Amino acid sequence: MRISIVVVTVSGIYFLYDTLLKPPRNIRHIPQIDLIRFWSGLIRNQTLDVIANKYTIPAASQSNAGIYTRFDFNGWTVRVNNPSLAKKILLRPDIFPKTNQVNRLEGTIIGRFLCPTQNIMFANGQQWKDQRKIANPAFSSTMPIELFGRLSKKLFNVIDRQLDEQPIDFYDLVKCWTLDSMGLAMFDFDFNSIDNQHSEWRKRYNTIVTEMTEPLPLIFPVLDKILPYRRRLNEELIQFLNMLQDIITQKRDQLNNSSPSSSQRQEEQSTYKKRQTNNNADLLTLMIEGASAVNGNKMSDKDLLSNLCVFFLAGSDTTAHALSCIIYYLAVNQEIQQKARQEVILILGDRPKDIVPSIGELHHLTYINLIINEALRISPPLVTVVARYASQDTELGGIFIPKGTCVTMDTYEMHKNPHIWRAPESFIPERFVPGGEADQLIKKQGFPWLAYGHGERGCIGMNFSLTEQRVLLSMLLRKYEWSLPEDSIHKEKLQTRGFILSSPGSMFLNMIRRF
Ligand code: HEM
């Protein structure tokens, strides 16, 4: 009897060890990360650079291919830390399509927000093509520069009111700025969070985004149903989704009233084209009109809602993170800040007045563009990309990858890997001059810079987000000078954390007005 208890216990422990701590047998030939140390690092909230330097980069360095396996929210996954393999994966979506997150996350909080249906971020094949075709024109229309400029002036009013209470948390403010920009540009809804940082909708959105991506419920979705605070989060989510649904319904009603008959399709198409170029419509309007103008099909409310949520999540805190990191690196590199300011002054002049740059002027901000690229390298807002899977038996860097294996990329690690980039911890915008280090790496190695992804599944909102960054940064440089306070938590180095979306937590600055 005793012997059988011992045998059952030992077998149970072995079973748990074999299934939880060891990858499936068909990928055990690939180097593994030290899973316990990696996970305990994440749970102890270690910063991204510590995790990269201690666990993930060493794990990838075990093989020449620069790949390793680990268990995370996609289950056992092959993680790629190699630019040429990143290129191979991203340019072959037929061999490496996206994993089915809709099924995997069904019933979870993140699933209900991020992918209640197959939206543009997660769909594959024809379903994805149809959605991208509808959304593309909305994103390639003229950018709402005036809106970004107007919101920047609003932000400056808030900064000015806080100048006597230095330091100022720029990260918190810029999150309001990107949220208001997205709300207004996407569906003409004013979150009004710049003027009221404690607004109800802002609080709701922040709670959802912050708590939704906590690592443990991502791995064990059942926690969403058990833990009381997760149930409260669910309530917040329902309210947020209802608000978006109301906006969609109102917008449809408005459009139906303004174009009641289906026989007016030709007229609708020309209005749609005019709106695209004149930039007098929000993205939601363009998508609803696009859905009927492109192929005569209307997009269902469920699909629209699913896409709106994904645009929000993909586009709001990511850009806020990017802007905060730029501001940080300009604070700790005063000579780069000064050089960037000189460029802006050369193009926009130095009159003591806020000036919103034109699209042509933005194109001349070449040094600012280098700064943006370098900030996105040294601290990419998304630390990984959406997981793919091998749709057939294949190989990566000579290592066999069986059909069905989940594969993804370590964006953060690739951007910080000393085997790829020279002095990766140093902020050097000149890496991105034409023919410079970045171009050389692209030529020789593939995709070393993955901030916006690449290939047909690259970021649809890249131009939108880059325009936001260029407008706010150029206006900010004319108006203020800034530095890091002595007691900043980022004094030694930028501290970012996050499992999917990276965040500096806060970014307190001392700011001085130039006029
Ligand atoms: C700094 C800001 C941003 C960063 C760093 C970023 C990053 C990325 C990355 C890395 C991908 C590729 C993911 C993959 O291959 O799995 C992606 C895709 C995507 N992004 Fe962004 N993004 C940003 C801003 C935006 C904005 C403003 C929007 C929309 C308003 C947006 C919407 C999307 C969508 C819909 C996709 C999926 C495209 C597809 O698969 O066809 N992003 N983004």
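- The name given to the chain in an unreviewed UniProt entry is Cytochrome P450, with Phascolomyces articulosus as the source organism.
- Taken verbatim from the UniProt record of the chain, the Cofactor (unreviewed entry) comment is "heme".

1. A word on the UniProt feature "binding site: heme" (unreviewed entry) in the chain
Here's step 1: Taking the UniProt record as the reference, the feature "binding site: heme" (unreviewed entry) is found at Cys459.
Here's step 2: With respect to the secondary-structure elements, Cys459 resides in the loop between helix H22 (437–445) and helix H23 (462–479).
Here's step 3: A residue is classified by how much of its surface remains accessible, and Cys459, at 36% relative accessible area, is partly exposed.
Here's step 4: Discounting residues that sit within four places of it in the chain, Cys459 has contacts with Arg132 and Tyr452.

2. Some thoughts on the confidence of the model for the chain
Here's step 1: Mean pLDDT over the chain works out to 91, with 94% of the residues at or above the 70 mark.
Here's step 2: Of the two predicted TM-score estimates for the complex, the pTM is 0.93 and the ipTM is 0.99.

3. A closer look at the layout of surface pockets
Gaps between atoms show up when a probe of the same size as a water molecule is rolled over them.
Here's step 1: Put simply, the largest pocket is a space of about 750 Å³.
Here's step 2: In terms of lining, the largest pocket is formed by 27 residues, of which the most central are Thr210, Arg497, Gly498, Leu501 and Ser503.
Here's step 3: Listed by contribution, the elements that provide at least two residues to the lining of the largest pocket are helix H2 (35–43), helix H9 (170–187), helix H10 (200–212) and helix H11 (215–219).
Here's step 4: Partitioning the lining of the largest pocket into residue classes produces 11 nonpolar, 10 polar and six charged.

4. What to know about the pattern of salt bridges
Here the idea is simple: oppositely charged side chains can pair when their charged atoms come close.
Here's step 1: Per the counting criterion, the structure on display carries 24 salt bridges.
Here's step 2: With a closest N to O distance of 3.7 Å, Glu425 and Lys416 form a salt bridge.
Here's step 3: Owing to a relative accessible area of 44%, Glu425 belongs among the partly exposed residues under this scheme.

5. Concerning the packing of H9 against H23
Here's step 1: Contact pair H9 / H23: the axes reach a minimum separation of 12 Å and the direction vectors enclose 130 degrees. Classified by the angle their axes make, H9 and H23 are oblique. In terms of crossing hand, the pair formed by H9 and H23 is right-handed. Residues Phe170, Val174, Trp177, Thr178, Ser181, Met182 and Ala185 of H9 pack against Phe464, Glu468, Leu472 and Leu476 of H23.
Here's step 2: For the contact of H9 with H23, a count of residues per class yields eight nonpolar, two polar and one charged.

6. What about unusual backbone geometry?
Here's step 1: With an omega of -5 degrees, the peptide bond between Gln166 and Pro167 qualifies as cis.
Here's step 2: By the element assignment, Pro167 lies in the loop between helix H8 (145–162) and strand S3 (168–169).

7. Points about empty space enclosed by the protein
Here's step 1: Under the counting rule described, the total for this entry stands at three cavities of 30 Å³ or more.
Here's step 2: One number sums up the size of the second largest cavity: a volume of about 130 Å³.
Here's step 3: Around the second largest cavity sit 13 residues that line it, and Leu48, Arg70, Val383, Glu413 and Phe499 are the ones nearest its centre.
Here's step 4: Mapped by element, the contributors of at least two residues to the lining of the second largest cavity are H2, helix H3 (48–60) and helix H21 (411–416).

8. A word on the site of the ligand
Here's step 1: Taken together, the neighbourhood of the ligand is formed by 29 residues, with Trp128, Arg132, Arg388, Arg457 and Cys459 sitting nearest.
Here's step 2: A distance of 2.9 Å separates an oxygen atom of the ligand from a polar side-chain atom of Arg457.
Here's step 3: Here the residues of the shell around the ligand are counted per class, giving 17 nonpolar, eight polar and four charged.

9. Re the environment of Tyr389
Here's step 1: Inspection of the secondary structure assignment puts Tyr389 in strand S4 (residues 388–389).
Here's step 2: Spatially, the C-alpha atom of Tyr389 lies 39 Å from that of Ser193, the residues being 196 residues apart in sequence.

10. Thoughts on the nonpolar core
Here's step 1: Counting 159 residues, the largest nonpolar core has Ile67, Phe113, Ile159, Phe311 and Trp482 as the members making the most contacts within it.
Here's step 2: With 12 residues, the single largest contributor to this core is H9.
Here's step 3: If we ignore the near neighbours within four places in the chain, the residues touching Trp482 are Ile327, Leu330, Ala331, Gln334, Gln337, Arg341, Leu476, Leu477, Leu509, Asn510 and Met511.

11. Quick notes on helix H18 (residues 334–348)
Here's step 1: With 15 residues, H18 should cover 21 Å at 1.5 Å per step; its first-to-last C-alpha distance of 21 Å lies within 8% of that length.
Here's step 2: When we look at burial in H18, the residues that qualify are Ile336, Gln337, Ala340, Arg341, Glu343, Val344 and Leu348. In a view along the axis of H18, the buried residues occupy a sector of 160 degrees, so they form one face of it. Opposite its buried face, H18 presents the exposed residues Glu335 and Leu346, each directed more than 90 degrees away.
Here's step 3: Structurally, H18 contributes buried residues whose contacts are with helix H17 (317–332), helix H19 (359–363), helix H20 (366–378), H23 and strand S8 (480–483).
Here's step 4: A positive backbone phi angle near 80 degrees is found at Gly349, which sits one or two residues after H18.

12. Focus: the sheet that holds strand S9 (residues 508–513)
Here's step 1: Ordered by their spatial adjacency, three strands build an open sheet running S3-S9-S8, and the pairing between neighbours is antiparallel. Looking at strand neighbours, the two that pair on one side only are S3 and S8, the edges of this open sheet.
Here's step 2: The strands that H8 touches are S3, S8 and S9; relative to S8, the one it contacts most, it runs at about 60 degrees.

Thresholds applied
Residues numbered from 1 in each chain as written. Predicted model: local features only at pLDDT ≥ 70, side-chain atom pairs only at ≥ 80, totals over all residues. Heavy atoms only, no water. UniProt positions renumbered as here; feature names shortened; annotations may be inferred. Helix = DSSP H or I, 4+ residues; strand = E, 2+ residues; numbered from the N terminus. Buried < 20%, exposed > 50% of the residue type's maximum accessible area, 1.4 Å probe, protein only. Contact = heavy atoms within 4.5 Å. pLDDT = per-residue confidence, 0-100. 1 Å grid on protein atoms, 1.4 Å probe; cavity = no way out; pocket = protein on both sides within 12 Å on 5 of 7 lines; lining within 4 Å. Points joined across faces, edges and corners; volume = space filled by probe spheres on them. Nonpolar A, V, L, I, M, F, W, Y, C, P; charged D, E, K, R; others polar. Salt bridge = Lys/Arg side-chain N within 4 Å of Asp/Glu carboxyl O. Axes fitted to C-alpha atoms, helices over the stretch in contact; angles between N-to-C directions. Parallel < 35°, antiparallel > 145°, perpendicular 65-115°, else oblique. Left-handed = near helix turned anticlockwise from the far one by under 90°. Near = heavy atom within 4 Å. Polar contact = N/O pair within 3.5 Å; in protein donor to acceptor, adjacent residues only side chain to side chain. Core = buried A, V, L, I, M, F, W, Y, C linked by side-chain atoms within 4.5 Å. Expected span 1.5 Å × (residues − 1). Arc of directions from axis to C-beta. Pairing = 2+ DSSP bridges.

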